[in-house]
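Take a look at the letters that make up each chain.
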Amino acid sequence: MAQRDGQWPYAAGSRELKRAVREARVLTVGAGGIGCELLKTLVTSGFRHIEVIDMDTIEMSNLNRQFLFRKRHVGMSKSVVAAEAAKHMRPGIDITAWLGNVKEPRFGVDFFRRFDCVLNGLDNLEARRHINRLCLAAGVPLVESGTAGYLGQVSVHLKGRTECFECQPKPTPKTFPVCTLRNTPDKPIHCVVWAKEMLFPLLFGVPEASDLNEAAAADGEGAASTADDPTFYRHRQGEGSRQFAERVHLYGTKIVELRRMEDLWRNRRRPEPLDLDVLLLPAADGSGTATAGDSVAIGGAAKPVDVASSACRALGLKDVHAVWDVPHSAAVFLMAVQLFVDGRSNELGSAQFDKDDALAVEFVTAAANLRAACYGIPMQSLFETKASRLSNIIHAIATTNAIVSGLIVVEAQKLLAGAAGSCQTSFLHQQVCSKRLVSRMAAPEPNVACMVCGTAQAELAIDTNKMTLQQLVDRVRGGQIGFKVKLDSFLDPITTRQQQHWKDTLLRRLLAQLPGGGVVHNSILDIDDQEQCFKAQLIVKHREDWNSDQHPEGFVLSGGLPTAQAEQLSAEAPADVGGRRDGRNDRRGPMPAHAGASELAALQETEDDVVLLASDDEEDATEAAVCTGGSIFWILFK
């Protein structure tokens, strides 16, 4: 179709566009709040060839806003049910549903090249970065979107023409999707927010404020089980506080119900239920046995329990930095519930979480640790829980999703009409701004300093005397950069002596102690992840004064460096830099001369996932090179 950059919206009603829409192959990623609205808008706008990917299953809490789903669909695949619903709206369309994680190898660059455009409706920052890089590698236009309550945004990303999704830094999200918190947590903070924002109001506050309130989420369709009835979590007249505490222990039957959702655990580890009878500590410990007016054994002496103060004090748990094991977490959970019921009954039904409320923090810590134990997530101490950033949940608004989905389809139509120059970034506001609810701006040009679509440098501040190579790869890869490759899959099956040397010695070695002088101040890390179309240089800045509250990851990644500084750093390196077979200079250079023959052999042979090299024989693989002055140490990711 001829270029019509200056003819939008006149091309909107053209026969050419209608034909292009009918013939276009479109990929939608996500079948949740935005995805349901997007599929509806696509099929009613004339799109006939659609594929949709989603890894989640339908929950009761989805039904009030994800209108393609009904109560009978709970536990089924979102993508499959959404595709079937779309077919009922427009029989004869070609729509394919994929159940899986978009980061799986089967959804690689070749898969993305099959489409004319990709429409993203994800709520996960890491996955959105991954989609961005695949679209860049495949040369496919990406229409990105996101919502947060009444706010929404839609942007278009064209390789080499507009900025990519990562051209501008994205803050680490401090809010979390409800579906992740409810069913598939994978971080300690997920468990903490679940306990604070969901379980606490359900037991002690306003039940309607909790997203565990399944009956409210189902919009009056009824509860799926006894535990799904919000009245189940309220203290009943005549019920003892201990009896109530044991009844609302959710880590047995509710986890068993979740385990039955087969599709949800296709690519995840199933959670393990906790049997309360097994967890209860012996009565001699005085754990979980005290109620109002009782005495408990603390340090061998019977002391009265202050029913309004502290479960930890009642149980003799004095060290706020200690991480409780599962039995002690269960004991604190039961004791905290009892103390709330017996000592603060006037607050039941209206209590609000306060981080300065010792009993509330103890309850949240215990509840979060029990949930973490079910999912195999590291547990936290009372101090860590109180110091963590307790974030609010994103409450999805159906109207916001509908407006954003319409904006997505408009931008997709511009692309198909050949009017890419008319593509815009749209912002949906909560209140009218400059007499408009939706404001727009021209799609920005690429950022030349972007670490993904451009050649960029950035500073990586770390303590090279405390961080190991394994920690560097894990934290930076999973944080602000987001490598796709993982070391974990290769570590377990290691059997040979050379591979064991790699695992036991190099991965655990401090950065400053790596061969060739180590990774130290002003070392340069070259990162080239070809599968995700990702390339950058990181200048290491050694730093020892860390505030663990401000920087819990132990590193800070900050913007681009001036070119002159990079040239200066390169000029400081000795001149004996190795050459490439194609005649071009290669900054990687040879391995240090003092490295022993056995160490070099270990560097040259490992499993397929990760290889340490002394040369550039594997040019077609993904590499992360660590350049340390005159000597070079680098890792190759396949």
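As annotated in an unreviewed UniProt entry, the protein chain carries the name SUMO-activating enzyme subunit and comes from Chlorella variabilis. The Subcellular location (unreviewed entry) comment attached to the protein chain in UniProt states, word for word, "Nucleus".

Of the regular secondary structure elements, the protein chain holds 21 helices and 17 strands. Looking at the protein chain as a whole, 53% of its 638 residues qualify as buried. Long-range pairs, those at least 24 residues apart, make up 67% of the contacts in the protein chain between residues at least 6 apart in sequence. Summing over all exposed atoms, the protein chain offers an accessible surface of approximately 28,400 Å²; the carbon and sulfur share of this is 49%.

With that settled, the discussion passes to the pairing of strand S4 (residues 117-120). Where burial is concerned, the two faces of S4 agree: the one with Cys-117 and Leu-119 and the one with Val-118 and Asn-120 are both buried. The pairing of strand S1 (residues 25-29) with S4 spans four bridges and is classified as parallel. Bridging across to S4, Val-26 finds its partner in Cys-117. In this sheet, strand S5 (residues 142-148) lies alongside S4 in parallel orientation, the contact comprising two bridges. If you follow Val-118 over to S5, its bridge partner there is Leu-142.

Next up on the list: the packing of helix H7 (residues 188-203) against helix H14 (residues 358-375). Helices that pack against each other are described as a pair by the angle of their axes relative to one another and the distance between those axes. Where H7 meets H14, the axes come as close as 8 Å, and the angle between the chain directions of the two elements is 120°. As summarised for this structure, H7 and H14 are arranged oblique, according to the angle between their axes. Classified by chirality, the crossing of H14 by H7 is right-handed. The segment H7 lies against H14, with Cys-191, Val-192, Trp-194, Ala-195, Lys-196, Leu-199, Phe-200 and Leu-203 engaging Ala-360, Phe-363, Val-364, Ala-367, Ala-368, Arg-371 and Ala-372.

Here the focus is the confidence of the model for the protein chain. Of the residues in the protein chain, 68% have a pLDDT of 70 or more, and the chain-wide mean is 74. By mean pLDDT, strand S16 (residues 622-628) is the weakest element of the protein chain at 33, and S1 is the strongest at 97. In the model, residues 484-498 has pLDDT below 50 throughout and makes 34 contacts with residues more than four positions away in sequence or in other chains.

Looking now at the UniProt feature "active site" (unreviewed entry) in the protein chain. Mapped onto this numbering, the UniProt entry annotates "active site" (unreviewed entry) at Cys-179. Apart from the residues within four sequence positions on either side, Cys-179 is in contact with Asp-56, Glu-59, Asp-123 and Thr-184.

Next up on the list: the nonpolar core. A general feature of soluble globular proteins is that nonpolar side chains tend to end up buried together. By size, the foremost hydrophobic cluster in this structure holds 63 residues, and its most contacted members are Leu-199, Tyr-251, Phe-333 and Phe-363. Within the residue set of this core, elements represented by two or more residues are helix H6 (178-183), H7, helix H9 (241-247), helix H10 (253-259), helix H11 (276-279), helix H12 (311-315), helix H13 (326-343) and H14. If sequence neighbours within four positions are ignored, Tyr-251 has contacts with Trp-194, Leu-199, Pro-273, Leu-274, Phe-333, Ala-367, Leu-370, Arg-371 and Cys-374. If you look at the next biggest cluster of nonpolar residues, it comprises 48 residues, including Met-60, Phe-69, Val-154 and Val-156.

So, about the environment of Val-26. Following the sequence through the fold, Val-26 ends up in strand S1. Judged by its relative accessible area of 0%, Val-26 is buried. Once the C-alpha coordinates of Val-26 and Asp-116 are considered, the two residues, 90 residues apart in sequence, prove to be 6.0 Å apart. For Val-26, the residues in contact, after removing those within four places along its chain, are Leu-42, Phe-47, His-49, Ile-50, Glu-51, Phe-115, Cys-117 and Leu-119.

Another aspect to go through is the pairing of strand S6 (residues 151-157). By the criterion of burial, S6 is predominantly enclosed, with five of the seven residues buried. The sheet contact formed by S5 and S6 spans seven bridges and is antiparallel. Pairing of Leu-142 across the sheet is with His-157, part of S6. The antiparallel hairpin formed by S5 and S6 contains two residues in its connecting segment, where Gly-149 sits at a positive phi of about 65°. Pairing analysis gives three bridges linking S6 to strand S9 (residues 424-433), with the strands arranged antiparallel. Note on S9: the bridge partner recorded for Gly-152 is Leu-428.

Tallying each qualifying case throughout the model produces 15 aromatic pairs. Relative to Phe-107, the ring of Trp-98 has its centre 5.6 Å away and its plane inclined at 90°; by these criteria the two rings are edge-to-face. For Phe-107, a relative accessible area of 1% puts it in the buried group. Within the aromatic cluster, the residues linked to one another by ring pairs are Trp-194, Phe-200, Phe-204, Tyr-251, Phe-333, Phe-340, Phe-353 and Phe-363. Of note, Arg-371 hangs over the ring of Trp-194, and the distance from its end group to the ring centre comes to 4.3 Å.

For an α-helix the count is 3.6 residues per turn, leaving residues at separations of three or four pointing the same way. Taking 1.5 Å per residue, 14 residues should reach 20 Å; helix H5 (residues 125-138) reaches 20 Å between its end C-alpha atoms and fits that length. In terms of burial, H5 is largely enclosed, as 12 of its 14 residues are buried. Of all the residues in H5, the buried ones are Leu-125, Ala-127, Arg-128, Arg-129, His-130, Ile-131, Asn-132, Arg-133, Leu-134, Cys-135, Leu-136 and Ala-138. The backbone nitrogen of Glu-126 lies 3.0 Å from a side-chain oxygen of the residue at the head of H5, namely Asn-124. Two residues or fewer past H5, Gly-139 is found with a positive phi of approximately 70°.

What counts as what
- Residues numbered from 1 in each chain as written.
- Predicted model: local features only at pLDDT ≥ 70, side-chain atom pairs only at ≥ 80, totals over all residues.
- Heavy atoms only, no water.
- UniProt positions renumbered as here; feature names shortened; annotations may be inferred.
- Helix = DSSP H or I, 4+ residues; strand = E, 2+ residues; numbered from the N terminus.
- Buried < 20%, exposed > 50% of the residue type's maximum accessible area, 1.4 Å probe, protein only.
- Contact = heavy atoms within 4.5 Å.
- Areas by Shrake-Rupley, 256 points an atom, 1.4 Å probe, with all protein chains shown as cover.
- Pairing = 2+ DSSP bridges.
- Axes fitted to C-alpha atoms, helices over the stretch in contact; angles between N-to-C directions.
- Parallel < 35°, antiparallel > 145°, perpendicular 65-115°, else oblique.
- Left-handed = near helix turned anticlockwise from the far one by under 90°.
- pLDDT = per-residue confidence, 0-100.
- Core = buried A, V, L, I, M, F, W, Y, C linked by side-chain atoms within 4.5 Å.
- Phe/Tyr/Trp six-rings, centres within 6.5 Å; stacked < 30°, edge-to-face > 60°.
- Lys NZ or Arg CZ within 6 Å of the ring centre and 35° of its normal.
- Expected span 1.5 Å × (residues − 1).
- Polar contact = N/O pair within 3.5 Å; in protein donor to acceptor, adjacent residues only side chain to side chain.

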